[in-house]
Amino acid sequence: MSGFLTIWLHTLSEARHRKLLVASFALIGLQLILIAALVGSASGMITVAGALVHGMPGGTDALGAIFAGLAVTFYYPGLLLMVWLTAGFFPRMQERGSIDLLLSKPIGRLALFAGRFAGCATIALAASTLYFGGNYLVLGWKTGIWIPAFLLTIPATLFAYTAFLTMMALISQAGRSTALSAALVTGYAVFIGPLLYAAETELGRTLMGDSAWAGLFAVLYNVLPRTTETGSLLFEAVRHGRIGDTTALLQVALSSLAWFAVGAFWFHRKDY
Amino acid sequence: MTEPSPIDVRGLRKTYRALRRSKRIEALRGIDLEVRPGEIFGLLGPNGAGKTTLVKILLAIGHATGGQAKLLGRPVGDPRARRQVGYLPENIRFPDFLHAEDALHYLGRLSRMSGADRKQAVPAALEQVGLLERRTSKVRTFSKGMLQRLGLAQALLHRPRLVLLDEPTDGVDPIGRKEIRDVLVRLREGGATVFLNSHMLSEVERVCDRVAILDQGQVLRTGSVEELTRHGNRWRVAVEGDPAAAAGALGPSATVLEGALEVEAPTVAALNAAIDRLRAAGVLLTEVRPASTSLEDVFIDVVEHGREEPK
């Protein structure tokens with residue numbers, strides 16, 4: 001069995017033994033029960049809340065818009081859940097006594113790094129499928145309306161999560177701390193990312209003018225993955241079944257690749 | 001074809017960089033070292049001497065700044081060399097959620113062992129270190145000594161040709177230490193080479209064929225334990241009765257030291273002549289052996305002198 005496969009399987013085994021998936025599934029289950037109850041009694045409240053966040057469009061396709069709003073409403077908690085679930089995997093692998101043992105085995109560092117990465121992504125895929133699949137089933141069961149485009153939340157969340165995972169893998173090279181990885185990525189997801197996105201809007205540009213901050217924000221906006229925009233694209237995809245402008249997706253993919261490459265190179269060269 | 005040296009190090013240097021040049025640390029300053037096949041080699045040195053840095057470079061856990069290092073004839077960093085190497089790191093940490101045998105299966109897979117090989121080797125390795133009865137216990141329930149034993153088991157699991165052990169008896173009780181020493185001797189008898197990094201000088205003295213003393217990133221002395229501890233051409237002769245009276249029979253070539261005679265004899269013939277003179281004087285001998293100092297005394301002496309000499 002190759003080193004990559006062994007590390008990938010071990011990461012899944014670690015998640016199972018640490019009861020991470022059980023805990024997350026329990027949380028997701030509770031949330032699904034809550035959603036089922038709310039949809040049964042006051043589905044409009046959630047729908048309006050979700051839709052308002054990303055702008056309720058006018059027009060006739062209200063159902064598509066409602067489900068798109070719900071998709072985005074569930075998107076961020078799902079994403080953060082995956083980040084918190086897997087934030088400890090890279091720091092734990094690099095603890096003293098543990099990393100020495102792994103590196104002394106006849107396995108390349110890149111295989112080790114990639115195996116761990118793939119393991120985390122698989123855990124996220126499992127959690128994401130359960131979370132969004134569960135929400136889809138509950139919504140369909142309670143409302144009798146089935147909009148398969150809602151399931152685009154699964155690949156969309158996994159896509160954004162992969163960008164965050166590259167950041168966590170890189171941060172762990174410097175800090176080896178679960179709390180630091182989780183805090184920085186959460187901070188980016190809920191504060192820095194939206195801030196950079198806002199700064200790039202027409203209003204943001206007007207407000208910032210020619211200040212030095214404007215230049216810095218522009219650089220960061222282009223270097224860091226634009227995960228905030230994937231939420232808006234998700235809304236569009238669920239509502240219309242297609243995406244107009246794929247620039248943000250391409251930027252997230254390239255940025256994630258670059259971050260992965262930097263993380264892998266750092267891991268490859270680092271002295272433990 | 002001759003067997004390559006298990007460890008061959010030439011002019012190895014390691015500098016830990018820092019932003020300020022003055023803060024840079026030269027952990028290894030161009031060391032040369034060769035470990036021969038089938039021997040137990042001990043690396044001694046005070047804290048911060050560079051011992052662990054050397055071991056980490058050999059296993060590609062760290063990277064050298066300069067020089068060359070080969071493991072079983074291959075450059076360090078080549079994963080193929082590590083297939084035949086077992087390593088017990090200092091402060092080993094296992095995945096604590098696994099059972100002992102599962103941990104060994106996992107690490108055996110990383111060592112490229114087949115399922116069939118592991119099925120045989122895992123119980124055997126656990127038995128070898130006295131943990132067979134705890135095979136289904138979670139690693140998190142193990143004491144420090146038991147973790148060390150499990151660490152030794154994983155290092156030996158794939159029958160490596162070279163075993164590197166970093167403080168293997170740390171936290172192990174005296175009986176466990178004896179058992180670990182026995183394992184090391186059995187490894188040597190089986191043809192494996194053992195590289196031992198330890199502070200426990202008495203243990204190194206007991207099991208090692210050769211040792212190197214490292215301090216401040218330099219090898220100060222290398223040799224067999226006997227070569228390092230041998231006290232010139234002197235012999236220790238224990239006698240019944242007053243050693244001072246017996247010394248009179250030998251004249252200035254004998255002195256009294258710690259309740260016995262210490263006799264200067266450059267050859268075996270000269271030693272036998274001295275013994276004949278003692279016997280002729282009616283002295284009863286109880287022991288004759290080469291005079292030596294302990295490895296600890298040698299170690300302290302070498303390190304202190306090494307620090308006094310200008311670099």
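Residues numbered from 1 in each chain as written. Chains lettered and ligands numbered in written order. Predicted model: local features only at pLDDT ≥ 70, side-chain atom pairs only at ≥ 80, totals over all residues. Heavy atoms only, no water.

Quick reminder: α-helices carry 3.6 residues per turn. Residues three or four places apart thus point the same way. Residues and elements named next belong to chain A. Taking 1.5 Å of rise per residue, the 22 residues of helix H8 (residues 178–199) would be expected to cover 32 Å, and the 30 Å separating its terminal C-alpha atoms lies within 8% of that figure. Of all the residues in H8, the buried ones are Ser181, Ala182, Val185, Thr186, Tyr188, Ala189, Gly193, Leu196 and Ala199. Its side-chain oxygen 3.4 Å from the backbone nitrogen of alanine 179, serine 177 forms the N-cap of H8. (Helix = DSSP H or I, 4+ residues; strand = E, 2+ residues; numbered from the N terminus. Expected span 1.5 Å × (residues − 1). Buried < 20%, exposed > 50% of the residue type's maximum accessible area, 1.4 Å probe, protein only. Polar contact = N/O pair within 3.5 Å; in protein donor to acceptor, adjacent residues only side chain to side chain.)

Among the nonpolar cores identified, the biggest contains 150 residues, and Leu54, Leu164 and Phe195 of chain B are the most heavily contacted of them. Ranked by residues supplied to this core, first place goes to helix H3 (residues 62–86) of chain A with 13 residues. Beyond its immediate stretch of four places on either side in the chain, leucine 54 of chain B contacts Val9, Leu12, Leu28, Ile31, Leu33, Leu43 and Phe195 of chain B. (Core = buried A, V, L, I, M, F, W, Y, C linked by side-chain atoms within 4.5 Å. Contact = heavy atoms within 4.5 Å.)

Residue and element names in this part refer to chain B. Split into domains, chain B comes out as domain 1 (7–224) and domain 2 (228–295). Using only C-alpha atoms to locate each centre, domain 1 and domain 2 end up separated by 41 Å. The partner domain 2 presents five residues to the nine residues of domain 1 that form the contact. Taken as a group, Glu205, Arg221 and Ser224 account for 58% of the area that domain 1 buries against domain 2, more than any other trio of residues on that side. Across the domain 1-domain 2 interface, the total number found is zero salt bridges. (Domains from an automatic or database assignment. Buried area = accessible area lost by both parts, 1.4 Å probe. Salt bridge = Lys/Arg side-chain N within 4 Å of Asp/Glu carboxyl O.)

All names here are of chain A. For the structure shown, the criterion picks out 14 aromatic pairs over all chains. Where phenylalanine 74 meets phenylalanine 150, the ring centres are 6.4 Å apart and the plane angle is 80°; that geometry is what we call edge-to-face. One end of the pair, phenylalanine 74, is in helix H3; the other, phenylalanine 150, is in the loop between helix H6 (109–143) and helix H7 (153–175), and 76 residues separate them in sequence. Phenylalanine 150 matches phenylalanine 74 in its accessibility class, with the two residues each being buried. Considering the side-chain rings of phenylalanine 113 and phenylalanine 260, the 5.3 Å spacing of their centres and the 65° angle between planes classify their relative orientation as edge-to-face. In this pair, phenylalanine 113 is assigned in helix H6 and phenylalanine 260 in helix H12 (residues 247–269), connecting sequence segments 147 residues apart. For phenylalanine 113, a relative accessible area of 1% puts it in the buried group. A relative accessible area of 23% means that phenylalanine 260 is categorised as partly exposed. Counting every residue linked through ring pairs, the aromatic cluster contains Phe74, Tyr131, Phe132, Tyr136, Trp146 and Phe150. (Phe/Tyr/Trp six-rings, centres within 6.5 Å; stacked < 30°, edge-to-face > 60°.)

Moving on to the pairing of strand S7 (residues 162–166) of chain B. A regular strand carries its side chains on alternate faces of the sheet. Residue and element names in this part refer to chain B. The buried fraction of S7 is high, at five of five residues. Of the two faces of S7, both are covered, the one formed by Leu162, Leu164 and Asp166 as well as the one formed by Val163 and Leu165. Direction of pairing for strand S6 (residues 85–88) relative to S7: parallel, over a ladder of four bridges. Residue glycine 86 lies in a different strand from S7, and its bridge partner there is valine 163. Here S7 pairs with strand S8 (residues 193–197) via five bridges, running parallel. (Pairing = 2+ DSSP bridges.)

This paragraph deals with the interface of chain A and chain B. Listed by partner, the interface residues are 27 residues for chain A and 29 residues for chain B. Carbon and sulfur atoms make up 56% of the area that chain A and chain B hide from each other, which totals about 2,600 Å². Sorting the residues of chain A by area buried against chain B places Leu101, Lys105 and Pro106 of chain A first, and these three jointly supply 25% of that buried surface. Note that arginine 18 of chain A and aspartate 96 of chain B form a salt bridge whose closest N and O atoms lie 3.5 Å from each other. Looking at the side of chain A that touches chain B, the element that brings in the most residues is helix H1 (residues 3–17) of chain A, giving seven residues. Here the residues of the side of chain A that touches chain B sort into eight nonpolar, nine polar and ten charged. (Nonpolar A, V, L, I, M, F, W, Y, C, P; charged D, E, K, R; others polar.)

In this structure the tally under the stated criterion is 22 salt bridges over all chains. Taking the shortest distance from any N to any O, the salt bridge between arginine 234 of chain B and glutamate 264 of chain B comes out at 2.7 Å. A residue pair is termed long-range when its members are at least 10 positions apart, and arginine 234 of chain B in strand S11 (residues 230–239) and glutamate 264 of chain B in strand S13 (residues 260–264) qualify at 30 residues. Assessed through its relative accessible area of 19%, arginine 234 of chain B is described here as buried. Its relative accessible area of 36% is what places glutamate 264 of chain B among the partly exposed residues. Linked through salt bridges whose partners overlap, the residues forming this network are Glu14, Arg18, Arg92 and Arg116 of chain A together with Asp96 of chain B.

With that out of the way, let us pick up the environment of threonine 201 of chain A. For threonine 201 of chain A, the location among the structural elements is in the loop between H8 and helix H9 (202–208). With 167 residues separating them in the primary sequence, threonine 201 of chain A and leucine 34 of chain A have C-alpha atoms 36 Å apart.

The next subject is the sheet that holds S13 of chain B. All names here are of chain B. If you trace the four strands from one edge of the open sheet to the other, you get S12-S13-S11-S14, paired in antiparallel fashion. Whereas interior strands pair on both sides, the edge strands pair on one side only; in this sheet they are strand S12 (254–257) and strand S14 (285–292). Neighbouring strand axes in the sheet, compared pairwise and without regard to direction, differ in orientation by 30° on average. Lying on the sheet, helix H10 (residues 268–280) is in contact with S11, S13 and S14; it crosses S14 at an angle near 150°. (Axes fitted to C-alpha atoms, helices over the stretch in contact; angles between N-to-C directions.)

Looking at where lysine 270 of chain A falls in the secondary structure, it is placed in the segment after H12. Within the buried set, lysine 270 of chain A has no salt-bridge partner at all; the shortest N-O distance to an opposite charge, 9.9 Å, is to aspartate 271 of chain A. From its side chain, lysine 270 of chain A meets the backbone oxygen of glutamine 173 of chain A in a polar contact 2.4 Å long. In this structure, lysine 270 of chain A is in contact with Gln94, Arg109, Gln173 and Arg176 of chain A together with Ile61 and His63 of chain B, ignoring residues within four places of it in sequence. (Lys, Arg positive; Asp, Glu negative; His and termini not counted.)

On to empty space enclosed by the protein, then. One simple way to see leftover space: roll a probe sized like a water molecule over the atoms. Residues and elements named next belong to chain B. Within this structure, the stated rule accounts for four cavities of 30 Å³ or more. Of the volumes computed, that of the largest cavity is approximately 50 Å³. Lining the largest cavity we find Gln128, Val129, Arg149, Leu152, Gly176, Glu179, Ile180 and Val183. Secondary structure elements with two or more residues in the lining of the largest cavity: helix H5 (144–156) and helix H6 (174–189). Per element, the largest residue contribution to the lining of the largest cavity is four residues, and it comes from H6. (1 Å grid on protein atoms, 1.4 Å probe; cavity = no way out; pocket = protein on both sides within 12 Å on 5 of 7 lines; lining within 4 Å. Points joined across faces, edges and corners; volume = space filled by probe spheres on them.)

What follows concerns a positive patch on the surface. A grouping of Arg269 of chain A together with Arg17, Arg21 and Arg24 of chain B is seen on the molecular surface, where their side chains present a positively charged patch. Looking at where arginine 269 of chain A falls in the secondary structure, it is placed in helix H12. In this structure arginine 269 of chain A comes out as partly exposed when scored by relative accessible area, which is 45%. (Patch = residues over 30% accessible without salt bridge, like charges linked within 9 Å, V, L, I, M, F, W, Y side chains within 5 Å. Areas by Shrake-Rupley, 256 points an atom, 1.4 Å probe, with all protein chains shown as cover. Charge placed at Lys NZ, Arg CZ, Asp CG, Glu CD.)

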